[in-house]
Each structure stands twice: as structure tokens, then as C-alpha cells.
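The chain contents come next:
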Protein chains: 2
Amino acid sequence: MAEAEAINVDLEIIVHGTQGLAKPELRLWLRMLSTTKLISQEIRRRLRTEFGATLPQFDLMAQLYREKDGLRLGELSKRTMVTNGNVTGLVERLETDGYVQRVTPDGDRRVTVARLTEAGTALFAQMAAAHEGWLQDMMADVDPAAIKALWSEIGEVKTSASNHLSAGPLE
Amino acid sequence: MAEAEAINVDLEIIVHGTQGLAKPELRLWLRMLSTTKLISQEIRRRLRTEFGATLPQFDLMAQLYREKDGLRLGELSKRTMVTNGNVTGLVERLETDGYVQRVTPDGDRRVTVARLTEAGTALFAQMAAAHEGWLQDMMADVDPAAIKALWSEIGEVKTSASNHLSAGPLE
């Protein structure tokens, strides 16, 4: 499902008007979802305006940045939640731009991995620093101690959700 | 960007392995994102297995459930973050299944709105109750007081982010 162009609307209000009647778990979920969408939209917007990049490009480069030896496309797809077909297109585009190269590692000619070029590594380092700064900007009005506490408390929600998945807990 | 089939992997770990070095704001963001994706994947899975429905269908029906008089497709698109073209396809599919009808309100023949049929209203009421129950299941191990506190604390993050958007605060 393609996402519409990011717009500044409050999804928490729009999605469910019945929040006063909703159970606390549903209210918390809607707030988490709307906050995540809000921040995610802003990150998409800044990636586009400051780097001419998309979020899937950023996510894909982040994976390759961590794996200096490169990753097979199937593994990249799994790690980025981008479908195989789209990963191929993204990699081809980044290859054309000179940020990614596809290589055959020594010893196994059947395998091709994608990895960042020097230019790609330098660009991603810039993007990652900017991304971290955007998040600091966006959370500037929140007390630093509250940010650390939230990290831990949301961890409890994550653990609980992971323990109650219909397909079993997280790998 | 299409999403790959949901898989049970922990995106927080996979996305950034450098978390120990990251600023608290980035760590919180990665945790919010991975928790939201985890819960969202489970909701998608349960909608599919229990109702044969997709998340965009659910979101679209939620909007129509709230607006008994119906909504124009452009408005539906805006509220659901689904592109115009995809909203048309979703509405057509729900119309074929008998859950949505397109009508021309009195007094303005140029306008067509989509609204839920009786069957659609009954189905959505069932889905919404199930959805609320899934969230209660997933958060079952979290203290109820912590859930309410989190709702308020994430509200602070949301307000801060909204106040620091490059395109100006939320409407």
C-alpha cells in the first residue's frame, strides 16, 4: 500500500474519535502510532529536502553501513522490510549514483553482495548524523531524564507484546 | 514502498547495532519504531487470519464508521494516508463485498460519498472490539498504571515533535 504524501494532520484524533471510551491499551496504542507516524513523516521530509533521499534508501544504506563486507539482496530485504523486487530497484538506483557496488566475494562466484562504496559510506555518515540531530530537535522540549525513562518503559510494552504474538515470541 | 511479508525479527536490534553509542533521543526513537512495527505486524496478522482483512481496509472502515453520513474519497484518502488511487480500489472491493455503498447526498449531484452498509457497520463493530482485545492481550504484562503514565509521557514527545516540525506545528 503506497503512502500518501505526508500531511500535517493529527492521526490520533482523526483515526479514532471515540478515545474517551476506549480502553487504556487502545488509547496508548493510538498515541504511540500517531507519534511514530508524526516523527517518521518529519524524517521522510527532511531526508528528501536535505539529501534528496527516501526513507527506504536511508534504511538500506544503514544496513550496508553496518556490514562492511556487504549483504546479499535477500538478506537486505529481510532486514529492511522492503520486498525483494523493491530492494533490487533501490540497489540499482544507488549503484547508478555511485553509492553502492555489487561484488562477488572471494571463493563463491554464485553469490553477489551489495556494499557501500567510499562515497556511499561518507554520505551515509552525514545522513546518520543529521538524522540523530533531527531526533534531538524534535524531542528538545522533553526532559532528558524522561527520555531515558520512556526508553525503559516502552521496553516493557515491547517485551509484553513479543510474549503475546500469535506466531510466538521474537527470534 | 510495499512492505515485505511480516516476519518476527526485532527491528530495533537489526536496524542499528550502534545503539550503545547513540544519543538517548535516537535510542528512544528506535525503540518506539520497533515496538510500533511489532504491534502493527501482529494487528495485520490477526486482521488477516481472523477477518481476512487488511490494515488499510480496517483503517478505511474505521473512518466510515465514525462518519455515518459518509465521506468523499479525497477526504478518505487524507484521513487514512492511503493514496487516492488506492482508496478507490479499496472502496470498490468493499462495495463488491457489500460492506460499503457509494451514494449521492441530497442536493448535490456532483458529489459522491462512500459510507458503510448495515453489514459493513456490523462487521466493523466486531473488528474494532477484536482489535481492542488484541491490544489488551499484547499489553497484558504491563502494569495498568504504567500504561496510563506512558500515554501521558508519550504525549510530551508528541507535543515536542509537533512544535519542531519543519513545516510548522500540527493543524
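Residue indices begin from 1 for each chain and proceed along its sequence in written order. Just so you know, chain letters begin at A and ligand numbers begin at 1, following the order they were written in. Two thresholds apply to this predicted model, a pLDDT of at least 70 for residue-level local features and 80 or more for giving and counting side-chain atom pairs, whereas whole-chain, interface and lining totals are computed over all residues.

(A) Here's a closer look at the interface of chain A and chain B. We call two residues in contact when their backbone-placed C-beta atoms lie within 7 Å. Listed per partner, the contact involves 74 residues of chain A and 73 residues of chain B. Segments assigned H or I by DSSP are reported as helices when at least four residues long, segments assigned E as strands when at least two residues long, and all are numbered from the N terminus. Contributions of two or more residues to the side of chain A that touches chain B are made by α1 (11–15), α2 (24–51), α3 (55–66), α4 (73–80), α6 (118–138) and α7 (144–163) of chain A. Grouping the amino acids of the side of chain A that touches chain B by side-chain chemistry returns 36 nonpolar, 18 polar and 20 charged. Polar here means any residue other than Ala, Val, Leu, Ile, Met, Phe, Trp, Tyr, Cys and Pro, which are nonpolar, and Asp, Glu, Lys and Arg, which are charged; Gly is therefore polar.

(B) View of the packing of helix α3 (residues 55–66) of chain B against helix α6 (residues 118–138) of chain B. Residue and element names in this part refer to chain B. At their nearest, the axes of α3 and α6 sit 10 Å apart, and the two run at 115 degrees to each other. Our classification of the angle between α3 and α6 gives roughly perpendicular. As α3 runs across α6, the sense of the crossing is left-handed. Residues F58, M61, A62 and Y65 of α3 form the contact with α6, whose participating residues are G120, T121, F124 and M127. In terms of residue class, the contact of α3 with α6 is made up of six nonpolar, two polar and no charged. Convention adopted: a line fitted to C-alpha atoms gives each axis, helices being fitted over their contacting stretch, and angles between N-to-C directions are expressed from 0 to 180 degrees. Every angle not falling under 35 degrees, over 145, or within 65 to 115 is termed oblique; those three ranges are roughly parallel, roughly antiparallel and roughly perpendicular. Note: crossing handedness is left-handed where the near helix turns anticlockwise from the far helix by less than a right angle, and right-handed where it turns clockwise.

(C) Local environment of the domain arrangement of chain A. All names here are of chain A. Throughout the structure description, domain borders are defined by an automatic or database domain assignment. Split into domains, chain A comes out as domain 1 (9–52) and domain 2 (53–158). When each unit is reduced to the centre of its C-alpha atoms, the spacing between domain 1 and domain 2 is 23 Å. Taken together, the contact between domain 1 and domain 2 spans ten residues of the former and nine residues of the latter. Of the residues that constitute the side of domain 1 that touches domain 2, the class distribution is four nonpolar, one polar and five charged.

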